[in-house]
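Per-entry structural report
Listed here are the chains, written in short residue letters.
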Amino acid sequence: MVGLCECGNEPPGSLKASLSLRDRVPNEVLQKMSAIEDPALQATNTKWKWGVHVARLRDGRWTQKVTLWDPRFGKRSQGRPRRRWADLFREHVGSY
């Protein structure tokens, strides 16, 4: 149920957190209820922050090696090549 909570430790007028799938609440309403921004945008921003951090590393630390490591070796599987983690950065910034 979506409603105002008048009990427990929550302040009066706060939204009740007891939602179920039967309530059929749209995603837009759920996003307004939560304090989290768009999850896709948050994931992209976090990935870019990590990419900038890794790009600044120049001393051969394991962080850079593991992030840029490509575990596939030998014969690749059939179909389109899989996207690597660093491909997004290469598209927008260029090769490094």
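In this text, all values refer to a predicted model and were calculated from it rather than measured experimentally. (Residues numbered from 1 in each chain as written. Predicted model: local features only at pLDDT ≥ 70, side-chain atom pairs only at ≥ 80, totals over all residues. Heavy atoms only, no water.)

With that settled, the discussion passes to the overall build of the protein chain. Counting its secondary structure elements, the protein chain contains four helices and zero strands. Each helix and strand of the protein chain, ordered N terminal to C terminal, gives the series α-α-α-α. Intrachain contacts of the protein chain at a sequence separation of at least 6 include 21% that bridge at least 24 residues. Only carbon and sulfur atoms are counted for the fraction: they give 56% of the accessible area of the protein chain, which is about 8,800 Å². (Helix = DSSP H or I, 4+ residues; strand = E, 2+ residues; numbered from the N terminus. Contact = heavy atoms within 4.5 Å. Areas by Shrake-Rupley, 256 points an atom, 1.4 Å probe, with all protein chains shown as cover.)

For Arg24, which is not glycine, the phi torsion reads 50 degrees and is therefore positive. Residue placement: Arg24 occurs in the segment before helix 1 (27-33).

Looking at the protein chain as a whole, its pLDDT mean stands at 75, while 79% of the residues score no less than 70. Mean pLDDT per element in the protein chain: helix 4 (residues 87-92) is the minimum at 78, and helix 2 (residues 39-56) is the maximum at 86. Segment residues 1-7 is flagged for pLDDT under 50; beyond a separation of four residues in sequence, or across chains, it makes 18 contacts in the model. (pLDDT = per-residue confidence, 0-100.)

Turning to the side chain of Thr63, a few remarks are in order. Looking at the secondary structure, you find Thr63 in helix 3 (residues 62-68). Using a relative accessible area of 13% as the deciding quantity, one classes Thr63 as buried. (Buried < 20%, exposed > 50% of the residue type's maximum accessible area, 1.4 Å probe, protein only.)

Here we come to the pattern of salt bridges. Going through the model one piece at a time under the given rule, you end up with one salt bridge. One salt bridge connects Arg61 with Asp59, and the closest N-O pair in it is separated by 3.1 Å. (Salt bridge = Lys/Arg side-chain N within 4 Å of Asp/Glu carboxyl O.)

Time to look at the environment of Val52. Here Val52 shows up in helix 2. When its relative accessible area of 37% is taken as the criterion, Val52 is described as partly exposed. The sequence separation of Val52 and Phe89 amounts to 37 residues, and the corresponding C-alpha distance is 9.4 Å.

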